[in-house]
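Breakdown of the fold
What follows is each chain in one-letter form.
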Amino acid sequence: MGKFQLGEFEEIVMLTVGVLYGEAYGVSIKKEIESRLQRNVSVGALQSALNRLETKGYLQSEEGGSTSERGGRPKRFFKITAQGKRAIEDTKEMRNQLYNAIPNIALDVKFA
């Protein structure tokens, strides 16, 4: 097990923040995950994950300018930190090692 640990949803959020580079805020992250993965994302679960990832030092946020469409509230933009980059790379490496360790016979199954 690597030094950096990400849960499945945390990994998805981290990767999506990377995909949306420069435009990653709550609503855009939610829409991107729902569009790409065809799964619903609750605002509460997303906000919890974002806060947790920021506490771990994997993400950093900053407020953007306020807009009238949001009633004057600013957007909170997220970006991946150097530690977050290492967490993503570590998680990817761990997954690759597991995939590569699966014997071919284990995946030699027929679909009915």
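Let me sum up the structure you'll find in this document. In this text, all values refer to a predicted model and were calculated from it rather than measured experimentally.

The rules behind each value
- Residues numbered from 1 in each chain as written.
- Predicted model: local features only at pLDDT ≥ 70, side-chain atom pairs only at ≥ 80, totals over all residues.
- Heavy atoms only, no water.
- Patch = residues over 30% accessible without salt bridge, like charges linked within 9 Å, V, L, I, M, F, W, Y side chains within 5 Å.
- Areas by Shrake-Rupley, 256 points an atom, 1.4 Å probe, with all protein chains shown as cover.
- Salt bridge = Lys/Arg side-chain N within 4 Å of Asp/Glu carboxyl O.
- Helix = DSSP H or I, 4+ residues; strand = E, 2+ residues; numbered from the N terminus.
- Buried < 20%, exposed > 50% of the residue type's maximum accessible area, 1.4 Å probe, protein only.
- Phe/Tyr/Trp six-rings, centres within 6.5 Å; stacked < 30°, edge-to-face > 60°.
- Contact = heavy atoms within 4.5 Å.

Remarks on a nonpolar patch on the surface
A contiguous nonpolar surface patch, about 320 Å² in accessible area, is contributed by Tyr-99, Ile-102 and Leu-107. As for its placement among the helices and strands, Tyr-99 is situated in helix α4 (residues 82-101). Of the residues examined, Tyr-99 reaches a relative accessible area of 55% and is grouped as exposed.

Comments concerning the packing of aromatic side chains
Overall, the coordinates contain 2 aromatic pairs when judged by the stated rule. With 6.2 Å between their ring centres and 65 degrees between their planes, Phe-4 and Tyr-58 make a pair best called edge-to-face. Taken together, the residues Phe-4 in the segment before α1 (8-19) and Tyr-58 in the loop between α3 (43-55) and β1 (59-66) connect sequence positions 54 residues apart. Comparing Phe-4 with Tyr-58, the two get one shared label, buried. Summarising the aromatic geometry, the rings of Tyr-25 and Phe-77 are spaced 5.5 Å apart at their centres and angled 70 degrees between planes, so their arrangement reads as edge-to-face. Taken as a pair, Tyr-25 in the loop between α1 and α2 (26-37) and Phe-77 in strand β2 (residues 74-80) lie far apart in primary sequence, 52 residues in all. Using a relative accessible area of 22% as the deciding quantity, one classes Phe-77 as partly exposed.

Describing the side chain of Thr-91
Its location among the elements puts Thr-91 in helix α4. Once you skip the residues sitting within four places of it in the chain, Thr-91 turns out to touch Phe-4, Leu-6 and Glu-11.

Quick word on the pattern of salt bridges
Opposite charge on two side chains permits them to pair, given that their charged atoms come into close proximity. Taken as a whole and assessed by the stated rule, the structure comprises 9 salt bridges. Note that Arg-39 and Glu-8 form a salt bridge whose closest N and O atoms lie 3.6 Å from each other. One end of the pair, Arg-39, is in the loop between α2 and α3; the other, Glu-8, is in helix α1, and 31 residues separate them in sequence. A salt bridge links Glu-34 to Lys-30, with the shortest nitrogen-to-oxygen separation between them at 2.8 Å. Of this pair, Glu-34 and Lys-30 both sit in helix α2, 4 residues apart, which is roughly one turn of that helix. Overlapping salt bridges bring together Glu-10, Arg-52 and Lys-56 as one network.

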